[in-house]
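Residue-level listing of the chains:
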Amino acid sequence: MIETPSYADALKILGCKDARLVKVVGFAAAAARTGWALAGAGQLAAGLADMRTSIVLYGEDVARRMPELKTGVDRFTRTQRLAAAHAVIVVSAYFEALGEAKLPFTLDRLDRGERISHGVPTPERFARLVASLLLERLPTPEPHVPYAETRLAVERAYQRMSEALAGYVGGMAVWDELTVDDQLLLPRMLAEGPPAHALRIYDEDYRSLALDSHEFGVRSLVTERPPPATALSRVAWLLAELAPPRVGDRPVIHLARMAASALDQPLLQAGKLPEDVSLPLLGEGYLSPRFRVAELTPDASPAQLDWWEDQRALPDTEAFLVGHLTSLRATRAPLLVLGEPGSGKTKFTEVLAARLARSEFLPIRVELGGLDTPTATRAGVTEQIEQALAAMLGDQRMGYAELVEAADGALPVILLDGMDELVQGGLNRYDYLERVREFQAGEAELGRPVAVIVTSRTVVADRIRLPEGLLGLQLQPFDDDQVRQWLDIWDQANRALLARRDLTPLPAASALAHGEMARQPLLLLLLALYDAGGNALQHDHGPLGRARLYEVLLRDFTERETGGVRRVVIDQELVLLGTVALSMLARGRPVITAEALDRDLPALCRGGEDHADDAGQEDGRTDWVRKATERFFFVRKHGPRTGYAFLHASFGEFLVAWLAMYALRDLDRRRRLAGDEPLALVQAVDDDLLYAVTSHSCLAERGPTVGFILELLDEVPSAVRARCVELLAGLLRRALHERRRRHFTRFRPVRHTLARRLAAYSANLALLIVCASEEPVRVSSILPGPGHLEEWSSLCHLWKGQLGQEGWSGLVTALAARRVVADGEEDVVLGGPEGDAGDGGMGDVVVAVATGHAPGHRRLLDQLLRAVGEGRFLPYRERLAILEELVRTVAVRSPAMHRALGAMWAEDGADPAELRPLLQAMLADPADRMGTWEQLVRAGIPETALWEIQGLD
């Protein structure tokens, strides 16, 4: 939960001039901090009746002065004042109801109590009451919370106030004057009377507040389903109702606002657009999205799509966005926007920035994956923003703090797009959202409050730490009506163009036949582009897979651009693009520079020869960059200095998969050409291209890449797949042996050690074997011999030690496995139908083998650890001894161990000092330290304790 204002906070924010009310609240606050004796209020007379009168009158005064309170101030000050005004009406409604309640005493009579009541001085008792009534934080309306829930929270606050009042009365002299029946009935009278009446008063006051303040009115719209809209158009309309568009900004602010305005640009910012279709403009072709919303507490599971199905749907996205940006939460914690690849996260930030550009907000977009250098991606949030500003403002160099000052009260909204690039790019920024929240807190202390919105792929949400107060949105796929609405826009833009070729735009029925593909914005656009080539989707050929759609689009576009060429030439063009994608994957970044392209493309695309190429010639260098970027609309220039990027990350992931399959087909072709020649049986298979493509990083680092490989393999005949499995298995058995001579040695996008490259190559061979095989694969079949499990264990150790966190985690996730015993022989089966892998899956088998334990033993150990953590049967110290034995001798490293340590740390009476040696042992391995640290924090171990342990190291 975020911190909301109390009544005392509201008095400070609104500048209350009622001296008596301010004095009473100040006394109670001082007494709460230092105790009654030190508060210096011995002469303060208790006066509940007077306090009630002052509170009700002040509530009426605030309601009357609302127009005055909102004018002439900046955006954040107005947000603070509105939250404070709401706190005032909550409390004043209760005190108004209290004065009208039918109680067996009056407030005046209650105030005439003795100086000492039941052993506690009356002023001290009164201070405690005031603290309970006026110092507690109060509910505040938020756009993701329906009014009924806010009203319920207000009712709970009223119940708490009545309980405090009942306790106060019970300690006063008037209590003894009541009859026994009145004493018994009083708690019920206070619990039922004032809260119910106060709620009715609150309802009326809130409606008046919503009428006077559009911010509250907008929040009430969130629960209503608006008519279909494009490009978040109602955001601009709703913001204009809050405040007129800003004019007269300084020139540098105009530059920033112009940089954020992209509505008049095509829907895709492409390097080269297709000439036979017209892409709608962003302001016309971007449909206002649908979201689900949830508060992301530590026990949330935002990486799981089925978890989101149980979360609240937002009927009115645009009202929510305006309500959020005008709420206190916006400046105290980031808003996390999650979505699947192609769901429109980046376009969402572009459109929202454009809608905010002329309002009382100052939008600044930061493409995290496109920062100039890896150092910048590891930098703090301020440094990342300033690098984006440098690209945005050009020669008008200005730091973030200077820009905010120049904005003259406009609230900065930082849109950090692509956090998954920081998490998946080998940077391990699992604490990034916490750093964002710290940035917001630091800016607020400096008087520069800032709202932040972060976007990311859903799949990485389980690899990031969720800070307190984090609100999450999940982009929803298009529903049928949205598919039809978008295709109507496409129809208007392209009907005349397509009619020249006797074609028609893609109808909704043909698109919806492709199921989920038609419900992702990017894929729907690609379907429409593909169909525009010859209306292929309007002929009943069955639904396309994503990989097939990407491939036919690339092939068709290449064929049109090159004037119709043979398949081999088209393959060469795809190899060129695949090399670009492979270079990005190896570097862990979605943007590549012209200099890097100039090195990598000739090294892989000229046939692998080691002689000097023509890169030194002026026009030779330009040719490689132009061939890879300017011909295809799938590649775009990324900023004036940063380089080139694909229109969407999924294009790069597909092209890496396609290039790996091309190398695999090349391997099979070379082996078939050798045929039954006498030397073919003794010569090594020429795997140079496959090695060059698959030895720089694990293909499973990006989950979609493996999915594309599986789709592409579905198109390969069974006989070819069987030959490939045999060839790959032979290569895996020799993968770690020395090769004296290889081609493509100049293709080195990243300089890795030989061990790292051999680990990536062998891991990818194992992955391709399982993907290509139509049946589950036994380890004994690909590593024959009596020591097959020992060889498998060696490979697992190599992969775990060399692939890095992303590569290892991706491999564990991508493969299914199970342990089997047949005829007394133990084996491991890889692949197979989902669900055959048992409870542990690949994680169980690979980790078990890599740590020297059988999977079955690991499961038994996990059950023991679970019992130890839950405290079943054994005393604390005996369980501690078991944990120590398991950590030091069995070397168990599993989620169950982390959970057991966390449970024992939080146990009543636990001594953290006794657990510190175990935590120190868990963190001893530098290779696993970061992942172990994160798991321990998630299990409940405070980071301060872990930092202390690191200091002891």
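Criteria and cut-off values
Numbers given for residues are sequential positions, taken from 1 along each chain in its written order. Confidence filtering applies because this is a predicted model: local features only for residues at pLDDT of at least 70, side-chain atom pairs given and counted only at 80 or more, and all residues used for totals across whole chains, interfaces and linings. Hydrogens and waters are ignored; side-chain quantities use all the structure's heavy atoms. In this scheme, strands are said to pair when DSSP sees at least two bridges between them. Numbering of helices and strands starts at the N terminus; helices are DSSP runs of H or I of at least 4 residues and strands are runs of E of at least 2. Interaxial angle, 0 to 180 degrees, is taken between N-to-C directions of lines fitted to C-alpha atoms, where a helix line uses only the stretch in contact. What counts as a ring pair is set by centres within 6.5 Å for rings of Phe, Tyr and Trp (its six-membered ring), and what kind of pair is set by the plane angle: stacked under 30 degrees, edge-to-face over 60, tilted for all other angles. Whether a charge sits over a ring comes down to the Lys NZ or Arg CZ being within 6 Å of the ring centre and within 35 degrees of the ring normal. Whether a set of points on the 1 Å grid over the protein atoms alone is a cavity depends on a 1.4 Å probe fitting there but being unable to get out, while an open set qualifies as a pocket with protein on both sides within 12 Å along at least five of seven lines; lining residues are those with an atom within 4 Å of a point. Grid points are joined across faces, edges and corners, and a volume is the space filled by probe spheres set on the points. Here the term charged refers only to Asp, Glu, Lys and Arg, the term nonpolar to Ala, Val, Leu, Ile, Met, Phe, Trp, Tyr, Cys and Pro, and the term polar to all other amino acids, Gly among them. We call two residues in contact whenever any of their non-hydrogen atoms come within 4.5 Å of each other. In this text, buried Ala, Val, Leu, Ile, Met, Phe, Trp, Tyr and Cys residues form a nonpolar core when linked through side-chain atoms within 4.5 Å. When a residue's accessible area, from a 1.4 Å probe over protein chains only, is under 20% of the maximum for its type it is buried; when over 50% it is exposed; and in between it is partly exposed. Between the first and last residue of a helix there are one fewer steps than residues, each counted as 1.5 Å, and that sum is the expected span. In what follows, salt bridge is the name for a side-chain nitrogen of Lys or Arg lying within 4 Å of a carboxyl oxygen of Asp or Glu. Roughly parallel refers to an angle under 35 degrees, roughly antiparallel to one over 145, roughly perpendicular to one between 65 and 115, and oblique to any angle outside these ranges. To get the bend at a residue, fit one axis to the 7 residues ending there and another to the 7 starting there, then take the angle between the axes.

Some words on the sheet that holds strand β4 (residues 312-314)
Okay, step 1: Spatially, seven strands are ordered β4-β3-β9-β5-β8-β7-β6 in an open sheet, and the strand pairing comes out mixed. Bordering the open sheet on either side are β4 and β6 (361-367), each of which pairs with just one other strand. Ignoring which end each strand starts from, the neighbouring axes of this sheet average 25 degrees apart.
Okay, step 2: With four bridges connecting them, strand β7 (residues 411-417) and strand β8 (residues 451-457) associate as parallel partners.

Re the packing of aromatic side chains
Okay, step 1: Using the criterion set out here, one finds 19 aromatic pairs in the structure.
Okay, step 2: Grouping aromatic residues by their ring pairs yields a cluster made of Tyr-147, Tyr-202, Tyr-206 and Phe-216.
Okay, step 3: Over the aromatic face of Trp-658 sits the side chain of Arg-665, whose NZ or CZ is 5.6 Å from the ring centroid.
Okay, step 4: The positively charged end of Arg-742 is found above the aromatic ring belonging to Tyr-691, 4.0 Å away from the centroid.

Examining empty space enclosed by the protein
Okay, step 1: As enumerated under the stated definition, the model contains three cavities of 30 Å³ or more in all.
Okay, step 2: In this model, the second largest cavity occupies a volume close to 80 Å³.
Okay, step 3: In terms of lining residues, the second largest cavity is bounded by 13 residues, among which Thr-140, Pro-141, Arg-219, Ser-327 and Leu-328 are the most central.
Okay, step 4: Among the secondary structure elements, those contributing two or more residues to the lining of the second largest cavity are α5 (75-100) and α11 (214-221).
Okay, step 5: Here the lining of the second largest cavity gets three residues from one element, more than from any other, and that element is α5.
Okay, step 6: For the lining of the second largest cavity, the residue count by class is six nonpolar, four polar and three charged.

Regarding the side chain of Ser-54
Okay, step 1: Turning to its location among the elements, Ser-54 is positioned in helix α3 (residues 48-64).
Okay, step 2: Apart from residues no more than four positions distant in its own chain, Ser-54 is found in contact with Asp-18, Arg-20 and Leu-21.

Considerations on the nonpolar core
Okay, step 1: Counting 167 residues, the largest nonpolar core has Trp-486, Leu-549 and Trp-799 as the members making the most contacts within it.
Okay, step 2: Sort the elements by how many residues they give to this core and helix α34 (residues 754-772) lands first, with 13 residues.
Okay, step 3: Setting aside its immediate chain neighbours within four residues, Trp-799 contacts Ala-759, Ser-762, Ala-763, Ala-766, Trp-792, Trp-808 and Leu-811.
Okay, step 4: One finds Val-62, Met-66, Leu-103 and Val-169 within the second-largest nonpolar core, a separate group that totals 63 residues.

Thoughts on helix α28 (residues 594-605)
Okay, step 1: Taking 1.5 Å as the rise per residue, α28 with 12 residues should run 16 Å; its terminal C-alpha atoms sit 16 Å apart, in good agreement.
Okay, step 2: Extensive coverage of α28 is indicated by the burial of nine of its 12 residues.
Okay, step 3: Listed as buried for α28 are Ala-594, Ala-596, Leu-597, Asp-598, Asp-600, Leu-601, Pro-602, Ala-603 and Leu-604.

Some words on the pattern of salt bridges
Okay, step 1: Per the stated rule, a full pass over the model turns up 47 salt bridges.
Okay, step 2: Note that Asp-600 is salt-bridged to Arg-587, the shortest N-O span being 2.8 Å. In this pair, Asp-600 is assigned in helix α28 and Arg-587 in helix α27 (residues 567-587), connecting sequence segments 13 residues apart.
Okay, step 3: On the basis of relative accessible area, Asp-600 is assigned to the buried category, the value being 1%.
Okay, step 4: Two residues, Arg-723 and Asp-668, come together in a salt bridge whose shortest N-O distance is 2.8 Å. Of the two residues, Arg-723 sits in helix α33 (residues 718-733) while Asp-668 sits in helix α30 (residues 649-674), which places them 55 residues apart along the sequence.
Okay, step 5: Exposure remark for Arg-723: the relative accessible area of 31% places this residue in the partly exposed category.
Okay, step 6: A relative accessible area of 5% means that Asp-668 is categorised as buried.
Okay, step 7: In this structure, a network of salt bridges that share partners links the residues Asp-420, Glu-421, Arg-457, Glu-653 and Arg-702.

A closer look at the packing of helix α7 (residues 122-134) against helix α8 (residues 147-170)
Okay, step 1: In contact at an axis separation of 9 Å, α7 and α8 are set at 170 degrees when each is read in the N-to-C sense. What the angle tells us is that α7 and α8 run roughly antiparallel. In this structure, α7 contributes Thr-122, Arg-125, Phe-126, Leu-129, Ser-132 and Leu-133 to the contact, and α8 contributes Arg-160, Met-161, Ala-164, Leu-165, Gly-167 and Tyr-168.
Okay, step 2: Taken together, the residues of the contact of α7 with α8 sort by class into seven nonpolar, three polar and two charged.

Focus: helix α23 (residues 480-499)
Okay, step 1: Along α23, the sharpest kink reaches roughly 45 degrees, centred on Ala-493.
Okay, step 2: Taken together, the buried positions of α23 are Gln-482, Val-483, Gln-485, Trp-486, Leu-487, Ile-489, Trp-490, Asn-494 and Leu-498.
Okay, step 3: Packed against the buried residues of α23 are α14 (282-285), α24 (508-512) and α25 (521-532).

Honestly, it's all geometry; don't read function into it.
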